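# Observations on the model geometry
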Amino acid sequence: HPKRLIEGLQCKRKEVSGRRFWEFFKGLCGTPENFTRHCLVYNYCPLSFMTKSGKNVTPPELKFEVRYQLFSLCDDALCQVLDLFGIKKIVGLGRYVESRAIKLVRQNGWNTDISTHFLLHPSPASPTANNGWNGIATKMLQESRIWPILAQPNIPIQPTLQQQSQQQPVPS
């Protein structure tokens, strides 16, 4: 859309939700390596929909038929990600994502393997999020017992697969 050009890393637009989210986890985990040791950020619906004027359209605002097809594809993709990465805990950022995750976990019989948790979305459209999102997120992660997993920046980082393969002796 001409009013919403894709600019990549040169983007000058401010995005409050993303800033709140990443600054919080930077403060909690310290480094990207500490964060990614235990976390994968996955966008349930990584598409952007807009009106002719450039106004954002959220998936719940789409027509039912379109939404049904879209969510079916998003559900399938999320199931593949859960399987591929062996995910054990899902933290749904917002009630909608949490509800989709709960549905998929139940539908696939993963109730004993995967736990689902809720984290308030940091959107500036949420009056609750605008009232100290960091404190709310801290409390929610502590209550769901996710906090201790993340707040351990002094654990040695496990070598990546590439580093492990480089350390293996080459047979002669």
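Above: the structure in question.
About the criteria used
Residues numbered from 1 in each chain as written. Predicted model: local features only at pLDDT ≥ 70, side-chain atom pairs only at ≥ 80, totals over all residues. Heavy atoms only, no water. Pairing = 2+ DSSP bridges. Helix = DSSP H or I, 4+ residues; strand = E, 2+ residues; numbered from the N terminus. Right-handed = clockwise from strand over helix to strand, strands pointing away. Core = buried A, V, L, I, M, F, W, Y, C linked by side-chain atoms within 4.5 Å. Buried < 20%, exposed > 50% of the residue type's maximum accessible area, 1.4 Å probe, protein only. Contact = heavy atoms within 4.5 Å. Phe/Tyr/Trp six-rings, centres within 6.5 Å; stacked < 30°, edge-to-face > 60°.

Bridging between strand E3 (residues 89-93) and strand E4 (residues 115-119) involves 5 bridges; their strand directions are parallel. Bridging from a neighbouring strand, Gly92 pairs with Phe118 of E4. Handedness of the β-α-β unit built from E3, helix H4 (residues 95-107) and E4 comes out right-handed.

Right, let's get into the nonpolar core. Tyr44, Leu70, Leu82, Ile90, Trp110 and Ile114 are the most contacted members of the largest nonpolar core, which has 17 residues in total. Of all the elements, helix H3 (residues 64-85) adds the most residues to this core, at 6 residues. Each residue touching Ile90, except ones within four places of it in the same chain, is listed here: Leu82, Ala101, Val105, Ile114, Ser115, Thr116 and His117. Of all hydrophobic cores here, the second largest spans 16 residues; its members include Phe21, Phe25, Leu120 and Ala137.

All right, on to the environment of Leu150 then. Following the sequence through the fold, Leu150 ends up in helix H6 (residues 147-150). Accessibility expressed as a relative area gives 5% for Leu150, which makes it buried. In this structure the C-alpha to C-alpha distance between Leu150 and Leu28, which are 122 residues apart in sequence, comes to 7.0 Å. Non-local contacts of Leu150, meaning those with residues more than four positions away in its chain, are made with Phe25, Leu28, Cys29, His38, Cys39 and Leu141.

Aromatic ring pairs: the centre-centre distance and the angle between the two ring planes describe each pair. Per the stated rule, a full pass over the model turns up 11 aromatic pairs. Measuring from centroid to centroid gives 4.8 Å for Phe21 and Phe25, while their planes differ by 50 degrees, and the two rings are tilted. Of this pair, Phe21 and Phe25 both sit in helix H1 (residues 16-29), 4 residues apart, roughly one helical turn. Residue Phe21 is classed as buried on the basis of its relative accessible area, which comes to 12%. When its relative accessible area of 6% is taken as the criterion, Phe25 is described as buried. Relative to Phe35, the ring of Trp22 lies with its centre 5.5 Å away and its plane at 70 degrees, an arrangement referred to as edge-to-face. Note that Trp22 is positioned in helix H1 and Phe35 in helix H2 (residues 32-38), a separation of 13 residues in sequence. Residue class for Phe35 comes out buried when judged on its relative accessible area of 7%.

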